[in-house]
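Understanding the architecture of this molecule
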Amino acid sequence: MHPRYWLLGLVALGIGHQAPAQTLRLCTGSPGKTYHAVGEKLAELLPAMAGGELQVEVLATGGSIDNLNKLTAGECDGAIVQGDAAEFFTTEINPGAAGSFRMLTPLYQELSLLLCSRESGIDEIDELLDEEGASVAAGAMGSGSLATWLTFRAIKPEYEQV
């Protein structure tokens, strides 16, 4: 199988949606998951980096797509978002949001894996098309993982049968 790398980025809305106080509301992910942990670490580090003039309020969410929905609705000022989820969001979910946010900085590269049991005999993603009843556990609704799978399906519509 070929790994796919996606940039995970910190996304923020343009001017006009910042909270009036010096508090940044940061949409992250589910408690106990990576994005939430990264948000907690940013909340710990950013105040000192900003000379004490900025506090970060970490908001738990359902993941990248949920974060972008909340970001465009003004429920948060910044969000941790899987890179391909931002593209999926502005092309498939909310085209009107294109241009309303931008990536501030990549946080790290994220790896997408397709894992199959050894017994399946599947070595490449296209081999799923030959398997009757094949299914993919692609992530929860609102997650970047699900957005990645839906992007794969948009690129190759035959994957819709999986």
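Read on for a plain summary of the structure. On a predicted model such as this, the values are computed, not experimentally measured, just so you know.

Our next topic: the overall build of the protein chain. On a plain count of helices and strands, the protein chain comes out with 4 helices and 5 strands. Each helix and strand of the protein chain, placed in order from N terminus to C terminus, yields the pattern β-β-α-β-α-β-α-β-α. The buried share of the protein chain, taken over its 162 residues, is 38%. When contacts within the protein chain are restricted to residue pairs at least 6 apart in sequence, long-range pairs at least 24 apart make up 71% of them.

An ideal rise of 1.5 Å per residue puts 22 Å on 16 residues; helix H1 (residues 34–49) measures up with 22 Å between its terminal C-alpha atoms. Remark: the principal bend of H1, roughly 25°, maps to Ala43, with a proline, Pro47, within the next four residues. Among the residues making up H1, those that are buried are Tyr35, His36, Gly39, Leu42, Ala43 and Pro47. Positive phi appears at Gly51, one or two residues downstream of H1, with a value of about 65°.

One can describe the packing of helix H2 (residues 64–72) onto helix H3 (residues 83–93) by two numbers: an axis separation of 10 Å at closest approach and a directional angle of 65°. Considering the relative orientation of H2 and H3, their crossing is right-handed. Facing Ser64, Ile65, Leu68, Asn69 and Thr72 of H2, the residues of H3 in contact are Ala85, Ala86, Phe88, Phe89 and Ile93. Split by residue class, the contact of H2 with H3 holds 7 nonpolar, 3 polar and no charged.

Another point: a nonpolar patch on the surface. Residues Leu111, Leu113 and Leu115 make up a contiguous nonpolar surface patch of about 340 Å² in total accessible area. On the secondary structure map, Leu115 appears in the loop between strand E5 (101–112) and helix H4 (144–155). Judged by relative accessible area, which is 71%, Leu115 ranks as exposed.

In this section: the packing of H3 against H4. The N-to-C vectors of H3 and H4 enclose an angle of 65°; their axes lie 9 Å apart at closest approach. You can see that H3 and H4 cross each other, and the crossing is left-handed. Residues Asp84, Ala85 and Phe88 of H3 touch H4, and the partners they reach there are Gly144, Ala147, Thr148, Leu150 and Thr151. Residues that form the contact of H3 with H4 fall into these classes: 4 nonpolar, 3 polar and 1 charged.

Once that is clear, we can look at the packing of aromatic side chains. Evaluated as defined, the whole model comprises 2 aromatic pairs. Taken together, a centroid distance of 6.4 Å and an interplanar angle of 50° make the contact between Phe89 and Phe101 tilted. One end of the pair, Phe89, is in helix H3; the other, Phe101, is in strand E5, and 12 residues separate them in sequence.

All right, on to the pattern of salt bridges then. Tallied over the entire structure, the rule returns 5 salt bridges. Note that Lys70 and Glu75 form a salt bridge whose closest N and O atoms lie 3.6 Å from each other. You can call Glu75 partly exposed: its relative accessible area is 43%. One continuous salt-bridge network, built from bridges that share partners, spans Asp66, Lys70 and Glu75.

A few words now on the side chain of Thr28. For Thr28, the position within the fold is in the loop between strand E2 (23–27) and H1. What makes Thr28 buried here is its relative accessible area of 0%. At 3.0 Å, the side chain of Thr28 forms a polar contact with the backbone oxygen of Leu59. Once residues within four sequence positions are removed from consideration, Thr28 is found in contact with Tyr35, His36, Gly39, Val58, Leu59, Ala60, Thr61, Gly63, Asn67 and Ile80.

The rules behind the values
- Residues numbered from 1 in each chain as written.
- Predicted model: local features only at pLDDT ≥ 70, side-chain atom pairs only at ≥ 80, totals over all residues.
- Heavy atoms only, no water.
- Helix = DSSP H or I, 4+ residues; strand = E, 2+ residues; numbered from the N terminus.
- Buried < 20%, exposed > 50% of the residue type's maximum accessible area, 1.4 Å probe, protein only.
- Contact = heavy atoms within 4.5 Å.
- Expected span 1.5 Å × (residues − 1).
- Bend = angle between axes of the 7 residues up to and from the residue.
- Axes fitted to C-alpha atoms, helices over the stretch in contact; angles between N-to-C directions.
- Left-handed = near helix turned anticlockwise from the far one by under 90°.
- Nonpolar A, V, L, I, M, F, W, Y, C, P; charged D, E, K, R; others polar.
- Patch = residues over 30% accessible without salt bridge, like charges linked within 9 Å, V, L, I, M, F, W, Y side chains within 5 Å.
- Areas by Shrake-Rupley, 256 points an atom, 1.4 Å probe, with all protein chains shown as cover.
- Salt bridge = Lys/Arg side-chain N within 4 Å of Asp/Glu carboxyl O.
- Phe/Tyr/Trp six-rings, centres within 6.5 Å; stacked < 30°, edge-to-face > 60°.
- Polar contact = N/O pair within 3.5 Å; in protein donor to acceptor, adjacent residues only side chain to side chain.

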